[in-house]
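Now for the letters of each chain:
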Amino acid sequence: MDYKLESCSADNNVWNHVKSCWRNQCEDLDEDFDFYAQSSMSVLDDLALSPSKNAKVFVLYRESNEKKEPLVIFQANSTHLPGFDGRVLRIRHMVMSPNYDYGDVNKEEYKEILVETFARATALAVSELESKHVKFHFRTPSDLYFFREMRPSLEEEEEIKDVKAYGAWISFSLVVAEA
């Protein structure tokens, strides 16, 4: 499968595409889209239509046969935070598509999507939202467990240092961003 990460704006219609696809998924699953992930969606809705230089909404798509299936959305912002030297890329309000929240999901596919989201969101720190540090906030205890299990692998990466898992967060610093 091919995955792609894209930011939302009022100009590119990405956000409307996500909402349309997810509305259809909710209807297929007999759920009400207007109440779907309401606390995160209301925050993401405003930011998706009015992103700034340092704060945006991103969508992870799976592409096949010229069809774009939105899988995950999240807020990414780069800012200065107490306790960090330099900018911190924060990934928050991560929402999976209704098919993954309500449907019968293959565990391996779910893991693959989490890994893709993690890798592509982290890459934003060395590109579009340049930051020396990354902090992920997880939406479920299962997601947090998955990334806590991944922590030893992160600690072995030469480009990553100071890996910490606490509460619903995992944070680390990027060595490549220091150059």
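Residues numbered from 1 in each chain as written. Predicted model: local features only at pLDDT ≥ 70, side-chain atom pairs only at ≥ 80, totals over all residues. Heavy atoms only, no water.

### Considerations on the packing of helix α4 (residues 107–123) against helix α5 (residues 141–156)
Here α4 crosses α5 at 60°, and the two axes come no closer than 12 Å. Between α4 and α5, the crossing angle belongs to the class labelled oblique. Our pair here, α4 against α5, has a crossing hand that is right-handed. Contact residues: α4 offers Y110, K111, L114, V115 and F118, while α5 offers D143, F146, F147, M150 and L154. Classifying every residue of the contact of α4 with α5 by side-chain character gives eight nonpolar, no polar and two charged. (Axes fitted to C-alpha atoms, helices over the stretch in contact; angles between N-to-C directions. Helix = DSSP H or I, 4+ residues; strand = E, 2+ residues; numbered from the N terminus. Parallel < 35°, antiparallel > 145°, perpendicular 65-115°, else oblique. Left-handed = near helix turned anticlockwise from the far one by under 90°. Contact = heavy atoms within 4.5 Å. Nonpolar A, V, L, I, M, F, W, Y, C, P; charged D, E, K, R; others polar.)

### Some thoughts on helix α1 (residues 14–28)
Because an α-helix packs 3.6 residues into every turn, residues spaced three or four apart end up facing the same way. Relative to the 21 Å expected for 15 residues at 1.5 Å per residue, α1 spans 21 Å between its end C-alpha atoms, a close match to the ideal helical length. Of all the residues in α1, the buried ones are V14, W15, V18, C21, W22, Q25 and C26. All buried residues of α1 fall inside an arc of 140° around its axis, so they share one side. Projecting away from the buried face of α1 at angles above 90 degrees are the exposed residues E27 and D28. Residues of α1 that are buried make contact with β1 (2–7), α2 (38–49), β2 (55–64), β3 (67–80), β4 (87–96) and α3 (98–102). Among the residues trailing α1, D30 stands out with phi positive, at a value near 55°. (Expected span 1.5 Å × (residues − 1). Buried < 20%, exposed > 50% of the residue type's maximum accessible area, 1.4 Å probe, protein only. Arc of directions from axis to C-beta.)

### Let's talk about the environment of L114
Looking at the element boundaries, L114 is found in helix α4. On a C-alpha basis, the gap between L114 and L47 in space is 22 Å, while along the polypeptide they are 67 residues apart. Excluding residues within four positions of it along the chain, L114 makes contact with M94, D143, F146 and F147.

### A look at the pattern of salt bridges
Within this structure, the stated rule accounts for nine salt bridges. For E128, the salt bridge goes to K56, with nearest N and O atoms at 2.7 Å. Taken together, the residues E128 in the loop between α4 and β5 (133–137) and K56 in strand β2 connect sequence positions 72 residues apart. A salt bridge links K132 to D85; the nearest nitrogen and oxygen atoms lie 3.3 Å apart. With K132 in the loop between α4 and β5 and D85 in the loop between β3 and β4, this residue pair connects regions lying 47 residues apart in the sequence. Judged by relative accessible area, D85 falls into the exposed class, the value being 57%. Taken together, the shared-partner salt bridges in this structure form one network comprising R62, E69 and E109. (Salt bridge = Lys/Arg side-chain N within 4 Å of Asp/Glu carboxyl O.)

### Quick notes on the pairing of strand β7 (residues 169–174)
Where burial is concerned, most of β7 is hidden: six out of the six residues are buried. Of the strand pairs in this sheet, strand β6 (residues 160–166) and β7 are connected by five bridges, and their pairing is antiparallel. Following the sheet pairing, A165 is matched in β7 by I170. In textbook terms, the turn of a hairpin is the stretch between consecutive antiparallel strands, and for β6 and β7 this stretch comprises two residues, one of which, G167, has a positive phi near 55°. (Pairing = 2+ DSSP bridges.)

### Re the nonpolar core
Membership of the largest hydrophobic core comes to 33 residues, with the highest contact counts inside it found for V72, F74, A76, L89, I113 and F136. Elements with a contribution of two residues or more to this core: β2, β3, β4, α4, β5, α5, β6 and β7. Setting aside residues up to four positions removed in sequence, F74 forms contacts with L5, L44, K56, V57, F58, I91, R92, H93, M94, T117, A121 and L124. Counting residues in each nonpolar core, the second largest holds 19 residues, with W22, A48, V59 and V95 among its members. (Core = buried A, V, L, I, M, F, W, Y, C linked by side-chain atoms within 4.5 Å.)

### Things to note about α5
Taking 1.5 Å as the rise per residue, α5 with 16 residues should run 22 Å; its terminal C-alpha atoms sit 24 Å apart, in good agreement. Looking only at α5, the buried set comprises D143, L144, F146, F147, M150 and L154. Next to the buried residues of α5 lie β4, α4, β6 and β7.

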